[in-house]
Amino acid sequence: MQRRALLGRESERRALAALVEQGAAGSGGAMVITGAPGVGKSALVAEAAAAAARGGTHVITAVGVQSEENLPCAGLHQLVHQLRDGIDDLPERQRTALLAAVGLVDEAVPDLYLVGLAALTLLTDAAAQAPLLVVVEDAHWMDHASLDVLGFVARRIESDPLVLVAVTRRLDDRLSSAGLPVLHLGPLTDEVSGEVLDAVAPGLGQQVRRRLLEESAGNPLALTELPIALQSVGGAYALNPGPLPLTARLERTFTARVSRLPADTHTVLLLSALNGDGTMDECLAAATRMLGKAVEVTALEAAIDAGLVEARGLAFRHPLVRSAMYHAATAAERRTAHAALAAALQGQPDRQAWHRAAATAGPDEQVARDLDSTAGRALRRGGVAAALAALTRATELTKDPSARADRLLRAAELALESGQGEVAALLLAQARSLDLSVRDQGRAAWVSIALAEGTRGEGAATAELAELAVEIAAGGEPALGLRMLWGAVLQCFWGEPGPAARERVAAAADRMPVDADNADLVALRAYSAPVERGGTVMEDLAGQMERSSENAEGDQLLGGRRRDGGCSSPGEPVDDQVAGRPASARQAVDAGPRPLRTGGQRGTAG
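In what follows, the accompanying structure is described. On a predicted model such as this, the values are computed, not experimentally measured, just so you know. (Residues numbered from 1 in each chain as written. Predicted model: local features only at pLDDT ≥ 70, side-chain atom pairs only at ≥ 80, totals over all residues. Heavy atoms only, no water.)

Let's shift gears to the pattern of salt bridges. One pass over the full model with this rule turns up 17 salt bridges. Ionic pairing is found between Asp 370 and Arg 356, a salt bridge with its closest N-O pair at 3.9 Å. Of this pair, Asp 370 sits in helix H19 (residues 365–380) while Arg 356 is found in helix H18 (residues 349–358), placing the two residues 14 residues apart along the sequence. Judged by relative accessible area, which is 35%, Arg 356 ranks as partly exposed. Each of Glu 365, Arg 369, Asp 372, Asp 406, Arg 407, Arg 410, Glu 413, Asp 440 and Arg 443 takes part in one network of salt bridges that share partners. (Salt bridge = Lys/Arg side-chain N within 4 Å of Asp/Glu carboxyl O. Helix = DSSP H or I, 4+ residues; strand = E, 2+ residues; numbered from the N terminus. Buried < 20%, exposed > 50% of the residue type's maximum accessible area, 1.4 Å probe, protein only.)

Written as structure tokens, this is what we have:
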């Protein structure tokens, strides 16, 4: 994992390695490494430290701790403890000053200059025995006195085999005043990010991979941890528009500074995380509603100072801050925030519907209907994915079994239409767990056969689908019945369900309660049993030649069967180039009567 995190860091690795080698040769120096959380600072230093140790350099480390940020010389104490065997060799005044500074003797702490001089002597004495590398991790949480002492040391080690490396998220006044060289780690390039993700999680679907790359924004820790987080919820979770799940490590990384923010700042950040691409004015209005007092944009100053938000544009500095804010909040806090946002979004029904849904803990038919309407509007704009998401959430809020079944089946149809077979199968299974009407059984059967498109269907299932299609048509749904029958016929066309099943399908086509000269019906007979019904099909085709038709697509299908003469063997599809051959069950269904997804009709999505 460490090697993957260092992809794309060749120049930074060379710079740090050169400094360490220079120190081992007797010309010491210091460096401050900066970068966002998770960008790979610690991995970079760990690699350099491991190489140094293998070369005979002694490595000691101090780590800044947030809870000790206000304890003077707490960081220095960590270093002194590791070199405690050399304390007795210090000059008396220096020894007393250093021990007093780190609390090992009960003496008044003298001037910090003397403490710095003692630390310098202790470190250079140790370096005289073996080259020394001092690593200060999380220097942004190191106490001020320790950083002052280390800055004092760093400016005076150019002639000693001693290197000091400080790792920090941002270069604040305490470190910049030391005037040390700075090595900044930015995000990985898109190309390298792809390499890291592919190395950690090979075989991701393109949509999931694209979402993880967008959310990671070149952050190596995110690239390596997000796939782990997705394992617990399934890759399809990444296709949802909401925040991605985080591992505990990621959440700690991106919310470590949140707990110290003022309440109004924290509230605005949570609202901003939940509001997606909404405006800051909307978040401030919702915060005012939540807190019962006016909240102004100045509330974000603390978040800017903490490095969570960009001063320009007031956007999160990293996409995963948004996810971390979401997961760090309790479910009740999120629901309250969503409700406040819904109230602030007057005149925006689609966004209101989503926030109301997120604010709802149990079934709510009104909210479900609002999401259903949102799905309809999305479909009219060509947004199949958005419609699928809205319908799927609506099903979760629907209590009535009949309405829930209808929404589940419509969602399954949309998932099938957008190529999300696994999602369609899951939605179909949920629908079939309910007590379906005959009509919905037909819709479910059609989705099921469409999921198996291009595979060798089981004979009994194919025949049962055809017979159910007849029942559906006889019950007042001829268009749906024809489309279901196409699903069964295509199983005969692509596979070999067996002579008995093929005959049952052809017999079902004979019983279909539509006009005998219906072009789709003639084509259905031709595709279901081209040999067994060849003579009848040719007679029907001749009759079709004499009629006036307005069904161009149906005529194209019939032309294809006439050209191959109905002579293909069972299970042996005609040449792909034959005009009119349906390329898939989906195209075959589209060639028949088309369903409507608007105007309240609930037919299978075409």
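A word on the sheet that holds strand E2 (residues 58–63). If you walk across this open sheet you meet the 5 strands as E2-E3-E4-E1-E5, and the pairing is parallel. At either end of the open sheet lies a strand with only one pairing partner, and these are E2 and strand E5 (182–185). The sheet shows a mean angle of 20° between the axes of neighbouring strands, direction not considered. Direction of pairing for strand E1 (residues 29–35) relative to E5: parallel, over a ladder of 4 bridges. Bridge pairing in E5 links Gly 35 to Leu 185. Its contacts with the sheet place helix H6 (residues 112–129) against E2, strand E3 (132–137) and strand E4 (162–168), and it is angled at close to 135° to E3. (Pairing = 2+ DSSP bridges. Axes fitted to C-alpha atoms, helices over the stretch in contact; angles between N-to-C directions. Contact = heavy atoms within 4.5 Å.)

Let us look at the packing of helix H21 (residues 401–417) against helix H23 (residues 438–451). Viewed as axis vectors pointing N to C, H21 and H23 meet at an angle of 20°, and their least axial separation amounts to 10 Å. One way to sum up the angle between H21 and H23 is to call them roughly parallel. Seen from above, H21 lies across H23 with left-handed handedness. Listed contacts from H23 to Ala 405, Asp 406, Leu 409, Arg 410, Ala 412, Glu 413 and Leu 416 of H21 are Asp 440, Arg 443, Ala 444, Trp 446, Val 447, Ala 450 and Leu 451. Looking at the contact of H21 with H23, its residues break down into 9 nonpolar, no polar and 5 charged. (Parallel < 35°, antiparallel > 145°, perpendicular 65-115°, else oblique. Left-handed = near helix turned anticlockwise from the far one by under 90°. Nonpolar A, V, L, I, M, F, W, Y, C, P; charged D, E, K, R; others polar.)

Our focus in this paragraph is the packing of aromatic side chains. Enumeration according to the criterion identifies 1 aromatic pair in this entry. Geometrically, the ring pair formed by Tyr 113 and Phe 152 is edge-to-face, given 5.4 Å between the ring centres and 90° between the ring planes. Of this pair, Tyr 113 sits in helix H6 while Phe 152 sits in helix H7 (residues 144–154), and the two are 39 residues apart along the sequence. Among the residues examined, Phe 152 registers a relative accessible area of 9% and is labelled buried. (Phe/Tyr/Trp six-rings, centres within 6.5 Å; stacked < 30°, edge-to-face > 60°.)

Don't take any of this as a statement about function, it's just geometry.
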